[in-house]
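# Report on the structure
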Amino acid sequence: MNIRIEKTTCPKAKPVDESQLGFGKVFTDHMFIMEYDTGMGWHDARVVPYQEISLSPAAMVFHYGQEIFEGMKAYRTPDGEIQFFRPEENFKRLNQSAERLVIPELPVEDALEALHALVEVDKDWVPHNDGASLYIRPFIIAVDPFLGVRPGDKYLFMIILSPSGAYYSTGLNPVDIYVETNYVRAVKGGMGYTKTGGNYAASLAGQDEAHKQNYSQVLWLDGVERKYIEEVGAMNIMFVIDGEVVTPELQGSILPGITRKSVLELCRKWGMKVSERRITIQEISDAYDAGKLQEVFGTGTAAVISPVGHLKWGDKVMEINGNKIGEISQKLYDTMTGMQYGRLPDDMGWIVKL
Ligand code: PLP
Ligand code: COI
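Residue positions are given per chain, counted from 1 along the sequence in the order it is written. By the order in which they are written, chains take letters starting at A while ligands take numbers starting at 1. Reporting of local features is limited, given that this is a predicted model, to residues whose pLDDT is at least 70; pairs of side-chain atoms are given and counted only at 80 or more, and all residues count toward the totals for whole chains, interfaces and linings. Note: side-chain values were computed over all heavy atoms of the structure, leaving out hydrogens and water.

### Observations concerning the packing of helix α2 (residues 87-100) against helix α3 (residues 108-121)
How two helices pack is summed up by the angle between their axes together with the distance between the axes. Only the stretch in contact is used when a helix axis is fitted, and all axes are lines through C-alpha atoms; the angle between N-to-C directions ranges over 0 to 180 degrees. Put simply, DSSP H or I for four residues or longer makes a helix, DSSP E for two residues or longer makes a strand, and each gets a number counted from the N terminus. Across the interface, α2 lies against α3 with an axial gap of 9 Å and an inter-helix angle of 125°. The pairing of α2 with α3 is recorded here as oblique in orientation. Pair α2 / α3 crosses with right-handed handedness. Here P87, E88, F91, K92 and N95 of α2 come into contact with α3, specifically with V108, A111, L112 and L115. Any angle that falls under 35 degrees is termed roughly parallel, while one over 145 is termed roughly antiparallel, one within 65 to 115 roughly perpendicular, and all others oblique. Throughout, a crossing is termed right-handed when the near helix is turned clockwise from the far one, and left-handed when it is turned anticlockwise from it by less than a right angle. Any pair of residues with heavy atoms lying within 4.5 Å of one another is described as a contacting pair.

As structure tokens, this is what we get:
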């Protein structure tokens, strides 16, 4: 792929205090952009100064939500090198989302080339602080000016970069989660397994309700029987029950998280008992009552490993592990971030250097 590079003539000041970055609020000097037209394929790949884009008010993405995205990170190692965590997995998943939303495929090699080209130009923006990283947001939108409902013929693929800290303001401190029993996020056969804006739009009312009750996130139940556990707003969920790591199986309505997959691979490598299966919220409540629910944690790129401190289901509030991070969550956090930030050797073949 031929990528044209146009550097900014007025670079922005970089954040001085990296501990105050927050998540997704600051953007770097450059972005990647490439167009697609039916008949031509992907064309005009370029890294350009970060700027606003101009679209017709009739652009299809605004009306019918034909949009997909990814979320990944670049990390700075102690000796100043920059590295990615399983980036090809994100671009494979982008293509799974593309297929479901009838968006043209983007070759994984081209997407990786775009990623490397952009991060190379903005590499000084990768934070140095422990716990901070460069959050990477690749996305594709349909931009034809047309009000009929059909797949687009014109698309933009873009990548923007945001130096970020922890996703939750609580950091590694446990988050409080509310089990949503009224709204649902996705159903099997729908788009739950894709990363598309509509899934997140569908989650906002539940999240709003959770916030009103002082909970930071929603745990979704299945859309049919409202009893099987699915996932959290921006992460997959895992339970440690009587020494076994249990997580909902992938069956079309939840996102196949790359952190989820990596955590399961690590637990299996460590010889732990792991199962991917259907789990009812009643089973979790019963395990809690029997004193067998040892840990609950979420997994995600933005959230890393997030211990859950309280889980509210109806009138019942379960306090998990005394509202403290558990042993397994801590070990997974240390191992994952150790590899990601290059403090531990990568014996899984997951790290890709810039
Ligand atoms: N589930 C949802 C709804 C998400 O938005 C995310 C974040 O990307 C995840 C799960 C975790 O996926 P991953 O580990 O690939 O970041
Ligand atoms: C991620 O973990 O990368 C996410 O995309 C979560 C989110 C901010 C939607």
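### Topic: helix α7 (residues 327-340)
What a helix is expected to span follows from its residue count: subtract one and scale by 1.5 Å. For α7, with 14 residues, the first-to-last C-alpha span of 20 Å sits near the 20 Å given by 1.5 Å per residue. Downstream of α7 by a residue or two, G342 has a phi angle that is positive, lying close to 70°.

### Brief notes about the pairing of strand β16 (residues 304-313)
The buried label applies to any residue whose accessible area, calculated with a 1.4 Å probe on protein chains only, is under 20% of its type's maximum; exposed applies above 50%, and partly exposed to all values in between. Of all the 10 residues making up β16, nine are buried; the element is thus mostly covered by neighbouring parts of the structure. Pairs of strands are assigned from DSSP output, requiring at least two bridges between the strands. Relative to β16, strand β15 (residues 293-300) is paired through four bridges, and the arrangement is antiparallel. Bridge assignment links G298 to a residue of β16, and that residue is S306. Hairpin connection of β15 to β16: three residues between the antiparallel strands. Across four bridges, the pairing between β16 and strand β17 (residues 316-319) is antiparallel. Residue pairing for β17: L311 is matched across the bridge by M318.

### Here we look at the side chain of E70
Tracing the chain through its elements places E70 in the loop between β4 (67-69) and β5 (72-76). For E70, the side chain forms a polar contact with the side chain of N90, separated by 2.8 Å. Each residue touching E70, except ones within four places of it in the same chain, is listed here: N90, R93, L94, Y135, I136, R137, P138 and K195. Side-chain atoms alone can form a polar contact between residues adjacent in sequence; in general such a contact is a pair of N or O atoms within 3.5 Å, and within protein one must be able to donate a hydrogen while the other accepts it.

### Describing the pairing of strand β9 (residues 175-179)
With four of its five residues buried, β9 lies for the most part within the structure. Where β9 lies against β16, four bridges are found, and the strand directions are parallel. Paired with D176 across the bridge in β16 is H310. Here β9 runs beside strand β10 (residues 217-221); their pairing, made up of three bridges, is parallel. Paired with I177 across the bridge in β10 is Q217. Seen with the strands pointing away from the viewer, any crossover whose path from the first strand over the helix to the second strand runs clockwise is right-handed. The β-α-β motif built from β9, the intervening helix α4 (residues 197-212) and the parallel element β10 has right-handed crossover chirality.

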